[in-house]
Amino acid sequence: MEELESRLAVSIRAKEPVREWLAGLPSPITLSLEQINVEPSVYLVPDRDYDDDIELLKGGYWESIFEHELDNWWSEPHDWPQERTSDLFLDWFEVEVHGMIVDLAENWDGYDD
C-alpha cells in the first residue's frame, strides 16, 4: 500500500466584523452572517503536531487564509484592513480544525476493478 498524504482541514466561518466590513465597502455587500457562511471555506494544511488550533494558525497560515478570504469578497486590497494581525484574524473568523484528512489526489490512479 502506498503511503498517503495526510493533512488537516481548516474550515473558516465569518464573524460579525466581516459582515460589517462588507457593508462598509464602496459598493456595499449587505448579507447576513448566515448568507455569508452558507459555504465556508476549507483549507488543507500539513498534518503536524500542534498544541492547539491557534498555534496552527499563528504558525503562518492565518495570513494567507485572511487574504484569501478578503479577496473572495473584494479584490481591491486597498479596501482591506491595513493592519492585519493574527488577533484580528481570530476576531473576524471562526476557525475549526478537522484532523486526519487523507489526500488521495496525489496518489489516485483510478478504480481497481
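Just so you know, these numbers come straight off a predicted model, no measurement behind them.

Before going further, it helps to examine the overall build of the protein. Looking only at helices and strands, one finds four helices and three strands in the protein. Put simply, the protein runs from its N terminus to its C terminus through helices and strands in the order β-α-α-β-α-α-β. Classification of the 113 residues of the protein by burial places 30% in the buried group. A separation threshold of at least 6 residues defines the contact pool for the protein, and within that pool the share at least 24 residues apart is 76%. As displayed, the protein has an accessible area near 7600 Å², and 46% of this comes from carbon and sulfur atoms.

Going through the model one piece at a time under the given rule, you end up with five aromatic pairs. With 5.3 Å between their ring centres and 35° between their planes, F89 and F93 make a pair best called tilted. An aromatic cluster of three or more residues is present, and its members are W21, F66, F89, W92 and F93.

Another point: helix α1 (residues 16-23). Those residues of α1 lying buried are V18, W21 and L22. For α1, the arc enclosing every buried residue in end-on projection is 100°, short of the 170-degree limit, so these residues lie on one face.

Attention shifts here to the side chain of N37. As for its placement among the helices and strands, N37 is situated in the loop between α2 (33-36) and β2 (41-46). N37 sits in the buried class, given a relative accessible area of 15%. Within the structure, the side chain of N37 is placed 2.7 Å from the backbone nitrogen of A14, a separation counted as a polar contact. What N37 contacts, discounting residues up to four positions off in sequence, is R13 and A14.

Core analysis: the largest hydrophobic core is formed by 24 residues, its most contacted members being I12, W21, L57 and F89. The element contributing the most residues to this core is helix α3 (residues 53-73), with five residues. Ignoring any residue separated from it by four or fewer positions in sequence, one finds W21 in contact with L70, W73, W74, D79, W80, P81 and W92.

Moving on: the pattern of salt bridges. If you walk through the whole model with that rule in mind, you get two salt bridges. A salt bridge links E16 to R19; the shortest N-O distance between them is 2.5 Å. Of the two residues, E16 and R19 both sit in helix α1, three residues apart, roughly one turn of that helix. The exposure class assigned to R19 is partly exposed, which follows from its relative accessible area of 27%.

Once that is clear, we can look at the environment of R7. If you trace the backbone, R7 turns up in strand β1 (residues 5-14). Given the relative accessible area of 17%, R7 is considered buried. Residues R7 and V45, spaced 38 residues apart in sequence, show a C-alpha to C-alpha distance of 5.6 Å.

Criteria and thresholds
- Residues numbered from 1 in each chain as written.
- Predicted model: local features only at pLDDT ≥ 70, side-chain atom pairs only at ≥ 80, totals over all residues.
- Heavy atoms only, no water.
- Helix = DSSP H or I, 4+ residues; strand = E, 2+ residues; numbered from the N terminus.
- Buried < 20%, exposed > 50% of the residue type's maximum accessible area, 1.4 Å probe, protein only.
- Contact = heavy atoms within 4.5 Å.
- Areas by Shrake-Rupley, 256 points an atom, 1.4 Å probe, with all protein chains shown as cover.
- Phe/Tyr/Trp six-rings, centres within 6.5 Å; stacked < 30°, edge-to-face > 60°.
- Arc of directions from axis to C-beta.
- Polar contact = N/O pair within 3.5 Å; in protein donor to acceptor, adjacent residues only side chain to side chain.
- Core = buried A, V, L, I, M, F, W, Y, C linked by side-chain atoms within 4.5 Å.
- Salt bridge = Lys/Arg side-chain N within 4 Å of Asp/Glu carboxyl O.

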